[in-house]
Amino acid sequence: RDARADESIPILRALWGGKEPPTTSRFFQIPPISLAPAPIQPGGPPVWIGGRSPAAIRRAAWLGDGYLGYFLDAAGVRKRMARIRELRQEAPSAARRRAPLACALMAFARVDADADRGLRRAQQRLGALYGPETQSTAARFGVVGTLEDCRARVAELAAAGVEHLVLSPIASGEEIDDQLEQLAAIGDREAK
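Computed from a predicted structure; not experimentally measured.

What to know about the pattern of salt bridges
A full pass over the atoms with the stated rule returns 13 salt bridges. Linking Asp65 and Arg96 is a salt bridge whose minimum nitrogen-to-oxygen distance equals 3.0 Å. Here the residue Asp65 occupies a position in the loop between helix 2 (54-63) and strand 2 (66-70), and Arg96 occupies one in helix 4 (residues 94-98), the gap between them amounting to 31 residues. By relative accessible area, Asp65 is classed as buried at 17%. The residue Glu175 makes a salt bridge to Arg110 at a minimum N-O spacing of 3.1 Å. Here Arg110 lies in strand 3 (residues 102-111) and Glu175 lies in the loop between strand 5 (164-169) and helix 8 (176-185), a separation of 65 residues in the sequence. Salt bridges here are not isolated pairs; linked through shared partners, they connect Arg110, Asp112, Arg117, Arg121 and Glu175.

Written as structure tokens, this is what we have:
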């Protein structure tokens, strides 16, 4: 997968930029083609890379316009982004070494008037999704608790360099609308 992703990104960028992509690579044989309509953004949409493996981290540094992390706290974001920026200075392309790099984070989220109840709910959901060993990570990696707890966590992540936060609500079907409203209120200082 890693090698295919490494080859795919330059092919997509060539097509988005109106250039002819390489016709042969290790994994792809591409006939002479063009892409129409062209993307609105010159050069195409930004490519954000996720993942935790060394290959994914290098790909974010060398080929990405941003990194989308998950299961990271503020200290983890700082450490991961420092490593990506370090690797970026070794990128084969001088243009890539100078290009901006966005920092994004995907975090599960649960707002609850009772912080302990919200944390228990997040722990249960993580355990169901990823296995019981992940339940202990809810407090460390989640945006979980009261509205003020969640605001404080978001501020902590922003201070660590997170520019874009993707929140994955911990909610069942009948709770989703309420959770979406609660999560939207994290950024609204007027909502109390």
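Some thoughts on the environment of Ala91
For Ala91, the location among the structural elements is in the loop between helix 3 (74-88) and helix 4. With 24 residues separating them in the primary sequence, Ala91 and Tyr67 have C-alpha atoms 15 Å apart. Once residues within four sequence positions are removed from consideration, Ala91 is found in contact with Trp62, Arg96 and Arg97.

Quick look at the packing of helix 1 (residues 2-16) against helix 2
Relative to each other, helix 1 and helix 2 sit at 15°, their axes nearing to 10 Å. With respect to their mutual orientation, helix 1 and helix 2 come out roughly parallel. The element helix 1 and its partner helix 2 pack so that their crossing is right-handed. Every residue of helix 2 that contacts helix 1 at Asp2, Ala5, Asp6, Ile9, Pro10 and Arg13 is listed here: Ala55, Arg58, Arg59 and Leu63. Of the residues contributing to the contact of helix 1 with helix 2, the split by class is 5 nonpolar, no polar and 5 charged.

Here is what the cut-offs are and how they apply
Residues numbered from 1 in each chain as written. Predicted model: local features only at pLDDT ≥ 70, side-chain atom pairs only at ≥ 80, totals over all residues. Heavy atoms only, no water. Salt bridge = Lys/Arg side-chain N within 4 Å of Asp/Glu carboxyl O. Helix = DSSP H or I, 4+ residues; strand = E, 2+ residues; numbered from the N terminus. Buried < 20%, exposed > 50% of the residue type's maximum accessible area, 1.4 Å probe, protein only. Contact = heavy atoms within 4.5 Å. Axes fitted to C-alpha atoms, helices over the stretch in contact; angles between N-to-C directions. Parallel < 35°, antiparallel > 145°, perpendicular 65-115°, else oblique. Left-handed = near helix turned anticlockwise from the far one by under 90°. Nonpolar A, V, L, I, M, F, W, Y, C, P; charged D, E, K, R; others polar.

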